Amino acid sequence: MAAKQVSAIIRLVVNAGQAKPAPPVGPALGQHRLNLMAFCKDFNARTQSIKSDVPMSVMVTAYKDNSFDFVVKSPSTSYFLKKAAGLQSGGGNPGHKVAGFVTPKHVYEIAKIKQADPDCQYMPLESICKSIMGTARSMGIEVRGELP
């Protein structure tokens, strides 16, 4: 049996449990003639245990025969950092003005969540923590203390 031919890879950000055949999901999947309702039902079923305002990254692989597969990833690192620091947005002038603070424990907890992602599953936890600290620095969020 031959592998299916991929026609497109579509990246979306959709709130957990709130996929609807309206924009941005409808136009993105509709132009590849994918079944919108099937995607919405599957996505909402997979993300029903997550709070509804959490933006989830989705990678949809569309095949030539109009079928599809999708992978749901965890929210972005910046989303978790803003929640941990209690901010609406990152700092306007990173490196000069501190917008908020997080602790090494916050960084560690975010790293544990991100380690479940397919992109990070083989990375050591320490490397993920350093990457998160770099993201925090670029957002104007200071990490107070050192990792244990």
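Residues numbered from 1 in each chain as written. Predicted model: local features only at pLDDT ≥ 70, side-chain atom pairs only at ≥ 80, totals over all residues. Heavy atoms only, no water.

Per an unreviewed UniProt entry, the recorded name for the protein chain is Large ribosomal subunit protein uL11m, and the organism is Ceratodon purpureus.

Q: Can you help me understand the overall build of the protein chain in this one?
A: Looking only at helices and strands, the protein chain features five helices and five strands. Reading the helices (α) and strands (β) of the protein chain from amino to carboxyl end gives β-α-α-β-β-α-β-α-α-β. Along the longest, intermediate and shortest principal axes, the C-alpha atoms of the protein chain span 55 × 35 × 30 Å. Sorting the 148 residues of the protein chain into buried and exposed places 34% on the buried side. (Helix = DSSP H or I, 4+ residues; strand = E, 2+ residues; numbered from the N terminus. Buried < 20%, exposed > 50% of the residue type's maximum accessible area, 1.4 Å probe, protein only.)

Q: It is not clear to me how helix α4 (residues 104-114) should be interpreted in this structure. Could you clarify?
A: Along an α-helix, residues three or four apart share an orientation, since each turn contains 3.6 residues. If you check which residues of α4 are buried, you get Pro-104, Val-107, Ile-110, Ala-111 and Lys-114. Relative to the axis of α4, the buried residues are bounded by an arc of 120° and lie together on one face. Buried residues along α4 sit against α3 (77-85), β4 (100-102), α5 (125-139) and β5 (141-143). (Arc of directions from axis to C-beta. Contact = heavy atoms within 4.5 Å.)

Q: Help me out: how do you make sense of helix α2 (residues 36-46) in this one?
A: Within α2, burial applies to Phe-39, Cys-40 and Phe-43. What you see down the axis of α2 is that its buried residues fit within an arc of 95°, all on one side. Its buried side turned inward, α2 meets β1 (6-15), α1 (25-30), β2 (55-63) and β3 (68-73). Two or three places before Met-37, at the start of α2, stands the capping residue Asn-35, its side-chain oxygen 3.2 Å from that residue's backbone nitrogen. (Polar contact = N/O pair within 3.5 Å; in protein donor to acceptor, adjacent residues only side chain to side chain.)

Q: How do you make sense of the UniProt feature "domain: Large ribosomal subunit protein uL11 C-terminal" (unreviewed entry) in the protein chain when you look at a structure like this?
A: In this structure's numbering, the residues bearing the UniProt feature "domain: Large ribosomal subunit protein uL11 C-terminal" (unreviewed entry) are residues 73-143. Here residues 73-143 runs as 49% helix and 10% strand, with 25 Å between its end C-alpha atoms. (UniProt positions renumbered as here; feature names shortened; annotations may be inferred.)

Q: Got a minute to help me understand the sheet that holds β1 in this structure?
A: To summarise the sheet geometry, strands pair through backbone hydrogen bonds and adopt either a parallel or an antiparallel arrangement. Taken together, the three strands give an open sheet; going across it, the order is β1-β2-β3, and neighbouring strands pair in antiparallel fashion. If you trace the sheet from one side to the other, it starts and ends with β1 and β3, each paired once. Neighbouring strand axes in the sheet, compared pairwise and without regard to direction, differ in orientation by 20° on average. Summarising the sheet, β1 and β2 pair through nine bridges and their orientation is antiparallel. Following the sheet pairing, Ile-10 is matched in β2 by Val-60. In the packing of α2 onto the sheet, contacts are made with β1, β2 and β3, and the angle to β3 comes to roughly 30°. (Pairing = 2+ DSSP bridges. Axes fitted to C-alpha atoms, helices over the stretch in contact; angles between N-to-C directions.)

Q: What am I meant to see in the side chain of Lys-114 here?
A: The topology assignment puts Lys-114 in helix α4. Side chain to side chain, Lys-114 and Ser-74 meet in a polar contact 3.3 Å long. Ignoring anything within four residues of it in the chain, the contact list for Lys-114 reads Ser-74, Pro-75, Ser-76, Thr-77, Phe-80, Cys-120 and Ile-128.

Q: Whenever I open this one, the packing of α3 against α5 confuses me. Can you help?
A: Two numbers describe a pair of packed helices, the interaxial angle and the distance between the axes. Remark: α3 packs on α5, axes separated minimally by 10 Å, with the N-to-C direction vectors making an angle of 70°. Regarding the angle of α3 to α5, the classification is roughly perpendicular. The hand of the α3/α5 crossing is right-handed. On α5, the residues that touch Thr-77, Ser-78, Leu-81 and Lys-82 of α3 are Ile-132, Thr-135, Ala-136 and Met-139. Among the residues forming the contact of α3 with α5, the class breakdown is four nonpolar, three polar and one charged. (Parallel < 35°, antiparallel > 145°, perpendicular 65-115°, else oblique. Left-handed = near helix turned anticlockwise from the far one by under 90°. Nonpolar A, V, L, I, M, F, W, Y, C, P; charged D, E, K, R; others polar.)

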